[in-house]
Amino acid sequence: MITLVTLPYTKLAKINVHKSKREFLNLFSNQSQNKRIFIISLILAISVALSTVFLCAEVNQLNDDAFGHVTILDEPELLNALRDAQAKGVIMGIHGWEHENYSTMGPIQAKENVEKGKLVFEKAGLFPKVFISPFEIYGVPTNPSVKQAIESTGVATELPPLKTSNSHVDINEYTWDWRTMQSFDDPRFKTSSEIIREEKPQTIVLHAMDWNPYVNRFLINYLASTDETNITVRMDDVEVNTPKEVVNGMAKMTQYKSVGRVVLAVIPSGIWKGGNPSIRGIKVNNILGVYYWFFIVTALLPFSFFIIWKWLSGWNLRRTHNNYLPPDKRGSESGLVSIIVPAYNEEKTIGKCLESILNQDYKGKTEIIVVNDGSSDRTAEIISKYPVKFIDLKVNEGKANALNRAIEDAKGDILVFTDSDSYMSANAVSSLVGCLNENRDAQMVAGDVFIHDNHGKKRVMKYFQMIEYLLEQEMTRYLQGLNGHVLVCPGPLTAVRRKVCDTVRFSDETIVEDADFTIKVLKNSMKVIREPNAKVYTNAPETLRAWYKQRKRWWYGNLQVWRLHKKWAIRNAWMVFNYSGYIIGVFSIILFILLPYFLLQYDDILRISVRGFLFMIVFLIPYTLAIASFFTKNKKLLPMLVPYVLVYSTIKVVILSYLYLCYITGRGLKVQFGSRILKVR
């Protein structure tokens, strides 16, 4: 309240008389609120991205439950390796059913588990001679009644002792967690080598997951050099994901004179993880991990950030009762408004466009300037029938020239631009003018563009674009408008103050005159905002070919804008984000092309693919639900969201990548612009 009293009267006079003191204070602090919301949104988005690590663990569990339960019978390569090892004299032991703790199990359950394991062994052509409790190595005792129940299945719970000169009977493990070892210079290698020579163990226990060249060399060094005999070498935790090379390596230990027997403790049933094949020494699982983090950084993180930022900003706007006044209280009269319409070969749409302009509810003075840009159809004839100022250019020189020609004749304090294939809602002009009246520091305002719904038959591409337009405006352009940095004021509906056009004009330096014009306005430190109440409806291409023709001009034109304004663009976060989309697109395509090659490295491609599909579904559901929040008023589009995400987004990435490659290689492309076919670079 003190701040309000001490403000000069001239400043207070600029505040709309309909605003309360509280609304004024909220407006005064809006900039700092936006910064806080921005930071909070970023922190929350990072938290969401990192939380996916825990979500992935849950997805893995879901994958395991749905597709992971297998037995050694489902792994032919492992099965053959076990049979070959048995033929070489390796003893096979049952290591539980799924590595359960038998010290906490009753006799009946223990017997059932061993019988299931024995059945799998027999089907595999393996002969289990011993049951080895999974937690025996940790000194966990097994209940005598459980042992008795297991032995009733015909499987022993202990192997007979071997004659040895060594008095030590302890079971020793020297290579635990050697899976992390990267070099023979690792201190663990030297230390364990010294300990094993000193202890001279009767039984050496290994774990399958630790097997690597370092374990293999450690074991060979000892077995080949010791004078001990009848040593038992046992490997625990051989299971469905154990590579055949591990079993083959253990089978070779039977050739050493110091070895009395080699035992493999095999877990019959387990969760299939897909293995971990290598390509030139690089684990494929690690490569697919790169895919995961690429998705997190380039897709999940920015999307989460934008969604949270949008939600929090909307909440803050509602909480402060909205700084925008109702349209009927904005003071719609603002001197003369010039409405400018460039047209080229639009005989099918120009009539409806002009009728929508003539039917505007704006109460102030207007002038309508229509420029026929050298049309070869009946466009000029149709325009001449309407009460508008008609500029008839005989030669098609492009939209930028037509707009500049109209600006020269325009007398309005505010200029409204629209396209001849579009038609405005009845309140479009009044909403744009009211927005500029309310936001005195803004120089340019963008309306919202929607796809014309003619209630006829619509093709899939049209539905996709309806979704795309809505998301673009309700998220990207909404967020850009929070701080007056809307990057593109669209050709179908934009309003500017007259003084903007005294400084900036449209140019044919690029093939996207609206984007280029907007960037020039921003470069001149002018504020560009959005008015969601100003709506315009435009036609959209309904075939893939027509769509490509349009997007080729738009997206390649944006690259031209980047090059033309690069020094400014690299300091603008939104411009950098847009440009990075092209680079990310190229990498996405490369990764997508290489993905089948990586999947082919796995033995069971189908199962790996199914597990990967489940991951995609789990992430796709919240992604789609988040998008769906923008369609509360357009529920008919909801069934198209999943195809939009999977199909349309993929098509966009392919086209963006192709255009970017044309751009960075200097090849350029041909674009039809009006009657002209231009070679652009």
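Cut-offs applied
- Residue indices follow the written sequence of each chain, beginning from 1 at its first position.
- Selection of residues for local features in this predicted model requires a pLDDT of at least 70, selection of side-chain atom pairs for listing and counting requires 80 or more, and totals for whole chains, interfaces and linings are taken over all residues.
- Side-chain measures were taken over the full set of non-hydrogen atoms in the model, leaving aside hydrogen atoms and water.
- Runs of E in the DSSP output that reach at least two residues are strands. Runs of H or I that reach at least four are helices, and both are numbered from the N terminus.
- Accessibility here uses a 1.4 Å probe with only protein chains present; expressed as a share of the type maximum, an area under 20% marks a residue as buried, one over 50% as exposed, and anything in between as partly exposed.
- Here, two residues are considered to be in contact whenever any of their heavy atoms come within 4.5 Å of each other.
- Residue burial considers only the protein chains on display, and all accessible areas are found by Shrake-Rupley using a 1.4 Å probe.
- A pair of strands is treated as paired once DSSP finds two or more bridges between them.
- Axis angles are defined between N-to-C directions and span 0 to 180 degrees, where every axis is a line fitted to C-alpha atoms and, for a helix, only to the segment in contact.
- Any Phe, Tyr or Trp ring, taking Trp's six-membered ring, that has another such ring centre within 6.5 Å forms a pair; planes under 30 degrees apart are called stacked, those over 60 apart edge-to-face, and the others tilted.
- Only when the NZ of Lys or the CZ of Arg is both within 6 Å of the ring centre and within 35 degrees of the ring normal is a charge said to sit over the ring.
- Seen with its strands pointing away from the viewer, a crossover is right-handed if its path from the first strand over the helix to the second goes clockwise.
- Orientation categories follow fixed angle ranges, with anything under 35 degrees roughly parallel, anything over 145 roughly antiparallel, 65 to 115 roughly perpendicular, and all other angles oblique.
- Left-handed describes a crossing whose near helix is turned anticlockwise from the far helix through less than a right angle; right-handed describes the clockwise counterpart.
- Each residue gets one of three labels, nonpolar for Ala, Val, Leu, Ile, Met, Phe, Trp, Tyr, Cys and Pro, charged for Asp, Glu, Lys and Arg, and polar for the others, Gly among them.
- A patch consists of residues exposed above 30% relative accessible area that lack any salt bridge, with like charges linked at up to 9 Å and nonpolar side chains (Val, Leu, Ile, Met, Phe, Trp, Tyr) linked at up to 5 Å.
- Salt bridges are defined as contacts in which a side-chain nitrogen from Lys or Arg sits within 4 Å of a carboxyl oxygen from Asp or Glu.
- His is not counted, nor are the chain ends; Lys and Arg add positive charge and Asp and Glu add negative charge.
- The atom standing in for a charge is NZ when the residue is Lys, CZ when it is Arg, CG when it is Asp and CD when it is Glu.
- Helix span, as expected, comes to 1.5 Å for every residue beyond the first.
- We define a polar contact as two N or O atoms separated by no more than 3.5 Å, with the added condition that, inside protein, one atom must be a possible hydrogen donor and the other a possible acceptor, whereas residues neighbouring each other in sequence contribute only through side-chain atom pairs.

A. A look at the overall build of the protein. Scanning the protein for helices and strands turns up 23 helices and 20 strands. Counting all 681 residues of the protein, 51% fall into the buried class. Considering only contacts in the protein between residues 6 or more positions apart, those separated by 24 or more positions represent 80%. Surface exposure of the protein reaches about 33500 Å², of which carbon and sulfur atoms provide 58%.

B. Seen up close, the sheet that holds strand E13 (residues 389-393). Here we have 8 strands laid out as an open sheet, ordered E13-E12-E11-E14-E17-E16-E18-E15, and mixed in their pairing. Each having just a single partner strand, E13 and strand E15 (422-424) make up the two edges of the open sheet. The average angle at which neighbouring strand axes cross in this sheet is 25°, direction not considered. Here helix H15 (residues 428-438) sits on the sheet and contacts strand E11 (337-343), strand E14 (414-417), E15, strand E16 (442-451), strand E17 (494-497) and strand E18 (527-538); the angle it forms with E18, its principal contact strand, is near 175°.

C. Geometry of helix H18 (residues 513-523). Of all 11 residues in H18, 10 are buried; the element is thus mostly enclosed. For H18, every residue scored as buried is listed here: Glu513, Asp514, Ala515, Asp516, Phe517, Thr518, Ile519, Lys520, Val521 and Leu522. Looking at the residues trailing H18, positive phi occurs at serine 525, about 60°.

D. Highlighting unusual backbone geometry. The phi angle at aspartate 237 is positive, at roughly 65°, despite the residue not being glycine. Its location among the elements puts aspartate 237 in strand E6 (residues 231-238).

E. Up close: the packing of aromatic side chains. In total, this model carries 33 aromatic pairs according to the counting rule given. Between the aromatic rings of phenylalanine 184 and phenylalanine 189, the centroid separation amounts to 5.3 Å while the plane-to-plane angle is 90°, which identifies the pairing as edge-to-face. Looking at phenylalanine 184, the relative accessible area reads 43%, which means it is partly exposed. The class for phenylalanine 189 is buried, based on a relative accessible area of 11%. Seen in terms of ring centroids, tyrosine 292 and tryptophan 293 are 5.2 Å apart; in terms of plane orientation they differ by 75°. Their pairing is edge-to-face. For tyrosine 292, a relative accessible area of 19% puts it in the buried group. Taken together, the ring pairs in this structure connect Phe38, Phe305, Phe306, Trp309, Trp574 and Phe577 into an aromatic cluster. When the ring centre of tryptophan 176 is taken as origin, the NZ or CZ atom of arginine 179, which lies over that ring, is 4.9 Å away. The ring of tyrosine 423 has lysine 352 sitting right over it, with the charged end atom 4.3 Å from the ring centre.

F. Quick look at the pairing of strand E2 (residues 91-94). The side-chain alternation of E2 yields two buried faces, one formed by Ile91 and Gly93 and the other by Met92 and Ile94. Pairing of E2 with strand E7 (residues 259-266) involves 4 bridges; the strand directions are parallel. Pairing of methionine 92 across the sheet is with leucine 264, part of E7. In this structure, E2 lies alongside strand E3 (residues 128-131), joined through 3 bridges in parallel fashion. Residue methionine 92 lies in a different strand from E3, and its bridge partner there is proline 128. Of the crossover connections in this fold, the one passing from E2 over helix H6 (residues 107-124) to the parallel E3 is right-handed.

G. Summary view of the packing of helix H22 (residues 605-628) against helix H23 (residues 641-664). Two elements in contact, H22 and H23, have axes whose closest approach is 10 Å; the angle formed by their N-to-C orientations is 120°. By the angle class used here, H22 and H23 are oblique. For H22 against H23, the interelement crossing comes out right-handed. Along the contact surface, H22 presents Met616, Leu620, Tyr623, Thr624, Ile627 and Ala628, while H23 presents Leu641, Val642, Val645 and Leu646. For the contact of H22 with H23, the per-class residue count stands at 9 nonpolar, 1 polar and no charged.

H. Quick look at a positive patch on the surface. A contiguous patch of positive charge, built from Arg667, Lys670, Lys679 and Arg681, is present on the exposed surface. Residue classification places arginine 681 among the partly exposed residues on the basis of a relative accessible area of 47%.

I. Inspection of H22 at higher detail. Here H22 spans 33 Å end to end across 24 residues, near enough to the 34 Å set by a 1.5 Å rise per residue. Taken residue by residue, H22 has Arg607, Ile608, Arg611, Leu614, Val618, Phe619, Leu620, Thr624, Ala626, Ile627 and Ala628 as its buried positions.

J. Inspection of the environment of serine 588 at higher detail. Structurally, the position occupied by serine 588 is in helix H21 (residues 573-599). Judged by relative accessible area, which is 23%, serine 588 ranks as partly exposed. Here the alpha-carbon distance between serine 588 and phenylalanine 294, two residues 294 residues apart in the chain, equals 8.7 Å. Each residue touching serine 588, except ones within four places of it in the same chain, is listed here: Phe294 and Val653.

K. Broad picture of the environment of glycine 668. Mapping glycine 668 onto the fold places it in the loop between H23 and strand E19 (669-673). Residue glycine 668 is classed as buried on the basis of its relative accessible area, which comes to 2%. In this structure the C-alpha to C-alpha distance between glycine 668 and arginine 681, which are 13 residues apart in sequence, comes to 4.1 Å. Here glycine 668 is in contact with Tyr556, Cys662, Lys679, Val680 and Arg681, once residues within four sequence places are set aside.

L. Region of interest: a nonpolar patch on the surface. Together, Phe38, Ile39, Leu42, Ile43, Ile46, Leu50, Val53, Phe54, Trp293 and Val297 make up an exposed nonpolar region whose accessible area comes to about 950 Å². Among the secondary structure elements, those contributing two or more residues to the nonpolar patch are helix H4 (30-68) and helix H11 (284-319). With 8 residues, the single largest contributor to the nonpolar patch is H4. Locating isoleucine 46 in the fold gives a position in helix H4. A residue is classified by how much of its surface remains accessible, and isoleucine 46, at 38% relative accessible area, is partly exposed.

M. Broad picture of the environment of serine 422. Of note, serine 422 is situated in strand E15. Separated by 115 residues in sequence, serine 422 and tyrosine 537 place their C-alpha atoms 5.4 Å apart. Sequence-distant contacts of serine 422, defined by excluding residues within four places in its chain, comprise Cys353, Pro492, Val536, Tyr537 and Thr538. A distance of 3.0 Å separates a polar atom in the side chain of serine 422 from a polar atom in the side chain of threonine 538.

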